Structure formats: C-alpha cells, structure tokens
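If you want the building blocks of each chain, they are given just below.
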Amino acid sequence: MPISDNIKPISYLKANTAELIAHLKTRHQPMIITQNGAAAMVIQSVADYGQTQETLALPKLLMHSQQAVGEGKTVTSSEAFANLRQRRGLLSSPCSR
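No experiment lies behind these values; they were computed from the predicted model shown.

A.B. asks: How should I be thinking about helix H4 (residues 77–88) in this particular structure?
C.D. replies: Between its terminal C-alpha atoms H4 stretches 17 Å, which fits the 16 Å expected from 12 residues at 1.5 Å a residue. At the exit of H4 stands Gly89, carrying a positive phi of roughly 75°.

Structural data, given as structure tokens:
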C-alpha cells in the first residue's frame, strides 16, 4: 500500500475515529496525520507500537553486548550458570543434586 494512502488530515481523524482505529488494527501500518497541510503526528495500534518498540530494542541490546565484549566484560557460560545457581540458592553442580 502506498504511503499516500496512509496520510489523512486531522479533520478525518476527528470525523472517523472508530473507522480509523479498526483500519489501523487490521492493516498494521501507521497513519500520518496532517495539520494545516503538514505532517503533525503518526498513529498506530498499540500492538503495532509494542512490536516497533521490541524491534528497536534489539539493536540496542546488540550494541551493548558488543561494547561489553570490547571492554572485556564477559564471563564463560560455566561462570554465568554458576552465578545464576548461586543467586537462586541452588547447588553449584547440577550432578550433585
């Protein structure tokens, strides 16, 4: 769908709110709302907003991971699992349970 189909004036939003909400929920594409002929806001369903936020979080996590590796702030998997077991009050070795 062309982006021009997803641009509506604020008057359309005011007059067709329920229809627009249904459209956003089913089409899963954001809508650009204009005011005085200029883009003023972007609206989207809550589900799509949540998905967008999750998608944006992944590169941040990767960046922080790469930064930690570069700074030498890493541990082996054995150390990580031992730390987790210690925090949870479990035995240090899964074989000794």
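A.B. asks: Explain unusual backbone geometry to me, please; I cannot follow it from the model alone.
C.D. replies: Phi angles above zero are rare outside glycine, and His28 is one such case at about 55°. For His28, the location among the structural elements is in the loop between helix H2 (17–27) and strand E2 (31–35). One non-glycine residue with positive phi stands out, namely Asn36, at about 55°. As for its placement among the helices and strands, Asn36 is situated in the loop between E2 and strand E3 (38–43).

A.B. asks: Teacher, can you tell me more about the pattern of salt bridges here?
C.D. replies: In a structure, side chains of opposite charge can pair up when their charged atoms sit close to one another. The tally for this structure, following the rule as stated, stands at one salt bridge. The partner of Glu71 in a salt bridge is Lys73, and the shortest N-O contact between them spans 3.0 Å. Glu71 sits in the partly exposed class, given a relative accessible area of 44%. Owing to a relative accessible area of 60%, Lys73 belongs among the exposed residues under this scheme.

Reading the values: the criteria
Residues numbered from 1 in each chain as written. Predicted model: local features only at pLDDT ≥ 70, side-chain atom pairs only at ≥ 80, totals over all residues. Heavy atoms only, no water. Helix = DSSP H or I, 4+ residues; strand = E, 2+ residues; numbered from the N terminus. Expected span 1.5 Å × (residues − 1). Salt bridge = Lys/Arg side-chain N within 4 Å of Asp/Glu carboxyl O. Buried < 20%, exposed > 50% of the residue type's maximum accessible area, 1.4 Å probe, protein only.

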